[in-house]
Amino acid sequence: MELKFDNVCKNYGKKRALVDFSATLTEGVYALLGPNGAGKSTLMNMTADILRPTAGTITYNGESIYKLGDKFRAVLGFLPQSAGLYNSFSARSLLRYYGCLKGMDDKKAIEARIDELLELVNLTADASRKAGQYSGGMRQRLGIAVALLNDPKVLILDEPTAGLDPKERIRFRNIISKISFDRIVILATHIVSDVEYIAKDVLLLRQGQLIRDTDVSSLLAEMEGKVWDIKVLAAEVPSFMQKYKISNITKVSETEEEAEATNAENGLTALRVLSDERPSETATPVPASLEDVYLYYFGEVGI
Amino acid sequence: MKLLGYELNKLLLNRKMWIAVLLLFVVKILLLLYTPGDGTYSQINKSIYRRYMEQYQGELTAEKAEQIEAENTRLNETLALESEMKEKYFAGEIDADTYDAYQTELYDAQAKQPTFEKVYEKYQYFLAQGDSFPASPQFFYDLDWDKYLKGMFIDIPLLLALLVVIAPAFAMEFSSGAFQILLSSRRGRGRTYWAKVAASLVYAVCVSALFFGADMLLNVQRYRLPGWDAPLQSIQTFSGCPYALTMRTYFWSVYLYRFLFMLGIAVLIVTLSALMKRMIAICFASAFLVMAPMALQGIAPVFSDLSYGVQAGGFEAFASYHTLSGVGNLVISIVFLVLLSLLLLFWGRFSYAPASQRG
Ligand SMILES: Nc1ncnc2c1ncn2[C@@H]1O[C@H](COP(=O)(O)OP(=O)(O)OP(=O)(O)O)[C@@H](O)[C@H]1O
Ligand SMILES: [Mg+2]
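All chains use their own residue numbering, which begins from 1 and follows the written sequence. In the order they appear in the text, chains get letters beginning with A and ligands get numbers beginning with 1. Local features are withheld for residues below a pLDDT of 70 in this predicted model, meaning they are given only at 70 or higher, and side-chain atom pairs are given and counted only at 80 or more; totals for whole chains, interfaces and linings count all residues. Heavy atoms from the whole structure form the basis of all side-chain values; hydrogens and water molecules are not counted.

**Observations regarding the coordination of the magnesium ion (ligand 2)**
All names here are of chain A. Heads up, the rule is: Note that water is not among the atoms considered, so a metal site may appear incomplete; the donors listed are N, O and S atoms within 2.8 Å of the metal, with 3.2 Å applied to Na, K and Ca. The helix and strand labels rest on DSSP assignments: H or I over at least four residues marks a helix, E over at least two residues marks a strand, and numbering proceeds from the N terminus. The buried label applies to any residue whose accessible area, calculated with a 1.4 Å probe on protein chains only, is under 20% of its type's maximum; exposed applies above 50%, and partly exposed to all values in between.
Binding of the magnesium ion (ligand 2) to the protein goes through Ser41 (OG) and Gln81 (OE1), at separations of 1.9 to 2.1 Å. Of this pair, Ser41 sits in helix H1 (residues 40-47) while Gln81 sits in the loop between strand E6 (76-79) and helix H4 (91-101); the two residues are 40 residues apart in sequence, bridging distant segments of the chain. You can call Gln81 partly exposed: its relative accessible area is 40%.

Right, here's the structure in full:
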């Protein structure tokens, strides 16, 4: 199974939303990371044939997905960034409708699948409530169930965890990691920790350009010696922020020695600094997380 | 088939829409009950006309022709004698009783003459057409028929009832953001398109049947409509009709035509919905497409052939002043309507989801 992007471009008028995007995806989870407006949704909508590329081709097992048409749609599951659900349908009848729409005609099979999915996204108890009465997170989970309904080979999820509470995010992460071994999952998100442990590859997009396409461990390896922990006086924090990308700030509960070294009003603050060089004598290198990678590429000094 | 059910569901589940349709139906009933009567036949006395028509009821026979000619002579002579009789009376040549009798007759003639003129006109129309009619025309009280048929116009409340329900068919998918999932599903394109069209037509059939049913029932009660079995050509307006239709057949074909026309409008609205994808644009476009030809007609009568506002009323069919009446514009209109609808439907289909992505 192979989904291949070949110099895919998309322009909205003069605006270049995606520039020469090339990548070859096989089974596994691909995390699409990038700031707002980077072109993630544009890429996903083109993969779902909602939009057509200005140039370039997208092929599935060697055939253009646009030529494949319904054959491709039969193996596709798509959760758009802002999916609309029919408010007057209950979750169950909504899933039945989408089952019909996705060409699942075996009544027993579809009912069983619906039960399974409702359980999976934890909506069994609310299955007969109208979608219009759902909370944001519940709607999102229902959207995920819809995307998974036809057991797709290519699963495209545009910010699937937006609005999910931490417990549901973990549940979602587990679902995806469980099912991803035999399908292509493309997942766009701003919550980097969602994909840190499940992504096979990370695609970093900036202003429509693919700037990195590699696996998580090599991304992390590259960051070796670029993430530092420093403890500084609270008064020094602003000057550090002016100079470096800071990925985290925490107040330190002081040890006795440190308390002696500083005076009481001026407590110590721990900074997680991203820098190619050691920012100060006292800085100690620490292992990077994917969030550090994100900030390293997309963060700005002084924020 | 199942998709059709779901599409109907989507189309009709909205409660606000039901209320709107119900209100429109009430408006329609009120319009039927309270449209202003008469006015158009001011010089004709309805009851006198009716009495003449009842007297001559049926085909024109030699005997009836004689009666009509005699009545014409009687009325004209009585009227012509007025000044002469007056002079004679004042000159003492006739007595008061004779003059009184004459005056009674005169008043009667004065009252009847303008109305009889219409009867006589009709008689001459029958004579002039002679054998060229496909069936022999009949006398019957036709004033209400004329009024009824001429009063037909595109059913605005029905048009709106179609618009509020059908226009969102595709537009709501785009406004609610549901279209992305729809378009990325296997049956979300071709089949869904046709299911939506079918659902719109199912609704259009039901709501048109309701509106036209009410229209028919109330009008048949409101008007005096004898002569159901008389040939259509009995009414002068339809002298051009080449077929042997009875008033009854005509009545039903007019309603059938209006009904089909409304289905055509439903097709127009649903395709506009697929083409434009936005409610406001669809409403404006529909209103424009319906109103524009009527406005054109105001500029030059030639455009009346294009005016489906009037066409949809159904009255145009076979009317003698219509350019196509000779071949029966009813048939032509229907063929045209069907072809146009099919064209629109395929256009909408490919605009909704391009051809290479057939489903
Ligand atoms: N329909 C459109 N017309 C014009 N420009 C658009 C359109 N859709 C997106 N864009 C532009 O294309 C660029 C990429 O947008 P896109 O929605 O793909 O970003 P994204 O990475 O999904 O962002 P986000 O994280 O906010 O979802 C943006 O600059 C956006 O303004
Ligand atoms: Mg997006």
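Having seen it, we continue.
**Points about the side chain of A:Glu159**
All names here are of chain A. The condition is simple: Two residue types count as positive, namely Lys and Arg, and two as negative, namely Asp and Glu; His and chain ends fall outside the count. What makes a salt bridge here is a side-chain nitrogen of Lys or Arg within 4 Å of a carboxyl oxygen of Asp or Glu, nothing more. Here a residue-residue contact requires only that any non-hydrogen atoms of the pair lie within 4.5 Å.
Assignment of secondary structure puts Glu159 in the loop between strand E7 (154-158) and helix H7 (166-179). No salt bridge is formed by the buried Glu159. Its closest oppositely charged neighbour is Lys40, at 4.8 Å. Apart from the residues lying within four places of it in its own chain, the contact partners of Glu159 are Lys40, Gln81, Gln140, Ala188, Thr189 and His190.

**Quick word on the sheet that holds strand E5 (residues 63-64) of chain A**
Residue and element names in this part refer to chain A. Note the threshold: Strands were regarded as paired on the criterion that DSSP finds at least two bridges between them. Where helices are involved, their axes are fitted lines through C-alpha atoms of the stretch in contact, as for all axes, and angles between N-to-C directions lie from 0 to 180°.
Reading across the sheet, the four strands line up as E2-E1-E4-E5 and stay open at both edges, with antiparallel pairing between neighbours. Unpaired on one side and paired on the other, strand E2 (15-25) and E5 mark the two borders of the sheet. Looking at chain direction, strand E1 (residues 3-12) and E2 are connected through seven bridges and run antiparallel. Bridge assignment links Asn11 to a residue of E2, and that residue is Arg16. Packing against the sheet, H1 makes contact with E1, E2 and strand E4 (55-60), and its axis sits at approximately 120 degrees to E1.

**Some words on the interface of chain B and chain A**
Counted only if it meets this: Using a 1.4 Å probe, buried area is obtained as the accessible area two parts lose upon being combined, added over both of them. Here a polar contact is recorded for every N or O atom pair within 3.5 Å, except that within protein the pair must consist of a potential hydrogen donor and a potential acceptor, and residues adjacent in sequence are included only if both atoms are side-chain atoms. Amino acid classes used here: Ala, Val, Leu, Ile, Met, Phe, Trp, Tyr, Cys and Pro are nonpolar; Asp, Glu, Lys and Arg are charged; the rest, including Gly, are polar.
Listed as interface residues are 27 residues of chain B and, on the opposing side, 28 residues of chain A. A combined buried area of about 2500 Å² lies between chain B and chain A, and 58% of that area is made up of carbon and sulfur atoms. The tally of links from chain B across to chain A stands at ten residue pairs in polar contact (both at pLDDT 80 or more). Among the elements of the structure, helix H1 (2-12), helix H9 (168-176) and helix H10 (179-183) of chain B are those that each provide at least two residues to the side of chain B that touches chain A. Examining the composition of the side of chain B that touches chain A, we find that six residues originate from one element, H1(B), more than from any other. Residue composition of the side of chain B that touches chain A, by class: eight nonpolar, eleven polar and eight charged.

**Focus: the packing of helix H2 (residues 15-34) of chain B against helix H11 (residues 190-222) of chain B**
All names here are of chain B. Note the following rule: In this scheme, roughly parallel covers angles under 35 degrees and roughly antiparallel covers those over 145, while 65 to 115 is roughly perpendicular and the rest are oblique. Rotating anticlockwise by less than a right angle from the far helix to the near helix defines a left-handed crossing, while the corresponding clockwise rotation defines a right-handed one.
For the pair H2 and H11, interaxial distance at closest approach is 10 Å and the crossing angle is 20 degrees. Relative to H11, H2 is oriented roughly parallel. The two elements H2 and H11 cross, and the hand of that crossing is right-handed. Across the interface between the two elements, Val21, Leu24, Phe25, Lys28, Ile29, Leu32 and Leu33 of H2 pack against Tyr203, Val207, Leu210, Phe211, Ala214, Asp215, Leu218, Asn219 and Arg222 of H11. Grouping the constituent residues of the contact of H2 with H11 by class yields twelve nonpolar, one polar and three charged.

**A look at the sheet that holds strand E3 (residues 28-33) of chain A**
All names here are of chain A. If you trace the six strands from one edge of the open sheet to the other, you get E6-E7-E8-E3-E9-E10, paired in mixed fashion. Strand pairing shows two members of the sheet lacking a second neighbour, E6 and strand E10 (209-215), which therefore form its edges. Geometrically, the sheet is characterised by an average inter-axis angle of 15 degrees between neighbouring strands, direction not taken into account. In this sheet, E7 lies alongside E6 in parallel orientation, the contact comprising four bridges. Bridge assignment links Phe78 to a residue of E7, and that residue is Ile156.

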